[in-house]
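Next come the chains, spelled out residue by residue.
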Amino acid sequence: MYRLIRPFLFALDAENAHRLVSLLGRSCLLPQILARCYAFEDSRLHVSLFGRIFASPIVLAAGFDKDAQNLNLAAALGFGGIEVGTITPKPQSGNPRPRMFRLVHEQSLQNAMGFNNSGQEAVAKNLAPSVPFVLPVGVNIGKNKDTSNEQSLNDYATLLRTFAPLADYLVVNLSSPNTPHLRDLQNDSFIAKLFSLAKTITSKPILLKIAPDMPHDVLLCLCENAVKSGASGIIATNTTTDYALCKNAHNFGGISGQLLRSKSVEILQILSRALFGKTLLISAGGVYSAEEAYMRLRAGASCVQLYSALVYEGPSLVYRMKTGLLRLLERDGFTQITEAIGVDVR
């Protein structure tokens, strides 16, 4: 069915297509239909994280549901969890359009969205009636574009106060390439201050989402220090600004999808060698199949996140990944997915 629908969606501007899907997903009808087709649960895929049971280690990444309006759609598609945002304290329109592009041949996306969202007050109102939700919900937070780096701690503090009571976990986004100078905050001094402040606000798990474009020694040191400062885990990675990956790429924004895969895998392997068993690792970027997800779980990720693959593979993707994971578990003689996590680095 999606093969028939996709040409129509791809005839639309990428952002307009996303808005259409999001709008349809807020209806009662579409989630009900999708749930009957694709949502199933098997206890062999359960993963316990942040005091909640994820029905599978496949999580919908931040960026799809910026304003916490599509929780039911994520559940209907069979995801084990959902991460909403990125959310800023004040409403933000984001960067000028067009700002989202398909790199179809490479099965990737390029976006320069700029943290467009309705702001913390509106998103909290959207989220509050659903808490606790049937799926674990993470909240991804970032500073406003017009907040200076010197004042950015205030933005993160107010976001933590607002969303700690509503989220199962929170994610500090310092790694988007679409807010000027945001990546400058990926330094040991700021991260230490941020997590020190966070501990005075909430005991909820707070993760750091990192960029894939730093030198690997710098990235590893940064992540190790973040864990020492109180980070509950690392999400690797955000989008890349390596535009040489694709001759059709624009020279702005961040690239996700299969073009990001090799960078994401390499960084996961580096982090796993140093941090597996010491903190939680989540892998994102180029996850598009059961085999890919299983490899990353074996490499030390406790779960994987995806978004771009959904655009190309359609609503059956998570169903196919979950059934594929069950086959891979049986092949390798595991009875639970948790037995496979980190088996290649233990």
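Being a predicted model, the structure only gives us computed values, none of them experimental.

A. Spotlight on the overall build of the chain. Secondary structure assignment for the chain yields 12 helices and 13 strands. For the chain, whose C-alpha radius of gyration is 19 Å, the value lies close to the compact-globule estimate of 20 Å for 346 residues. C-alpha extents for the chain along the principal axes are approximately 50 × 45 × 45 Å. When the 346 residues of the chain are sorted by exposure, 59% land in the buried category. Here the analysis covers contacts within the chain between residues at least 6 apart in sequence; of these, 73% occur between residues at least 24 apart. Surface accessibility of the chain: about 14100 Å² in total, with carbon and sulfur atoms responsible for 54%. Of note, the chain has its 34 positive side-chain charges centred 3 Å away from the centre of its 27 negative side-chain charges.

B. Examining the sheet that holds strand 3 (residues 58-60) more closely. Within the closed barrel, the 8 strands sit side by side as 3-4-7-8-9-10-12-13. Their pairing is parallel. The average undirected angle you get between the axes of adjacent strands in this sheet is 25 degrees. As paired elements, strand 9 (residues 206-210) and strand 10 (residues 233-236) share 4 bridges and run parallel to each other. The residue of strand 10 that forms the bridge with Lys 209 is Ile 235. Here helix 7 (residues 188-201) sits on the sheet in contact with strand 8 (169-173) and strand 9, set at roughly 155 degrees to strand 9.

C. Molecular detail of the pattern of salt bridges. Enumeration according to the criterion identifies 17 salt bridges in this entry. In this structure, the salt-bridge partner of Asp 332 is Arg 298, at a minimum N-O distance of 3.2 Å. With Asp 332 in helix 12 (residues 317-332) and Arg 298 in helix 10 (residues 290-298), this pair connects stretches of sequence that are 34 residues apart. One network of salt bridges, with partners in common, ties together Asp 13, Glu 15, Arg 19, Arg 97 and Arg 99.

D. Inspection of the sheet that holds strand 6 (residues 108-111) at higher detail. Pairing is antiparallel in the open sheet, where 3 strands are placed in the order 5-6-11. Pairing within the sheet leaves two strands with one partner each, and these edge strands are strand 5 (100-103) and strand 11 (254-257). Direction aside, neighbouring strands of the sheet carry axes that sit 25 degrees apart on average. Pairing of strand 5 with strand 6, which is carried by 4 bridges, proceeds in the antiparallel orientation. Note that in strand 6 the partner of Leu 103 across the bridge is Ser 108.

E. Layout of the packing of helix 8 (residues 216-229) against helix 9 (residues 261-275). Running from amino to carboxyl end, helix 8 crosses helix 9 at an angle of 50 degrees, the nearest separation of the two axes being 11 Å. When the axes of helix 8 and helix 9 are compared, the pair comes out oblique. For the pair helix 8 and helix 9, the crossing hand works out as right-handed. Residues His 216, Leu 219, Leu 220, Cys 223 and Glu 224 of helix 8 touch helix 9, and the partners they reach there are Glu 266, Ile 267, Ile 270, Leu 271, Ala 274 and Leu 275. Classifying every residue of the contact of helix 8 with helix 9 gives 8 nonpolar, 1 polar and 2 charged.

About the cut-offs
Residues numbered from 1 in each chain as written. Predicted model: local features only at pLDDT ≥ 70, side-chain atom pairs only at ≥ 80, totals over all residues. Heavy atoms only, no water. Helix = DSSP H or I, 4+ residues; strand = E, 2+ residues; numbered from the N terminus. Rg over C-alpha atoms; globule rule 2.2 N^0.38 Å. Buried < 20%, exposed > 50% of the residue type's maximum accessible area, 1.4 Å probe, protein only. Contact = heavy atoms within 4.5 Å. Areas by Shrake-Rupley, 256 points an atom, 1.4 Å probe, with all protein chains shown as cover. Lys, Arg positive; Asp, Glu negative; His and termini not counted. Charge placed at Lys NZ, Arg CZ, Asp CG, Glu CD. Pairing = 2+ DSSP bridges. Axes fitted to C-alpha atoms, helices over the stretch in contact; angles between N-to-C directions. Salt bridge = Lys/Arg side-chain N within 4 Å of Asp/Glu carboxyl O. Parallel < 35°, antiparallel > 145°, perpendicular 65-115°, else oblique. Left-handed = near helix turned anticlockwise from the far one by under 90°. Nonpolar A, V, L, I, M, F, W, Y, C, P; charged D, E, K, R; others polar.

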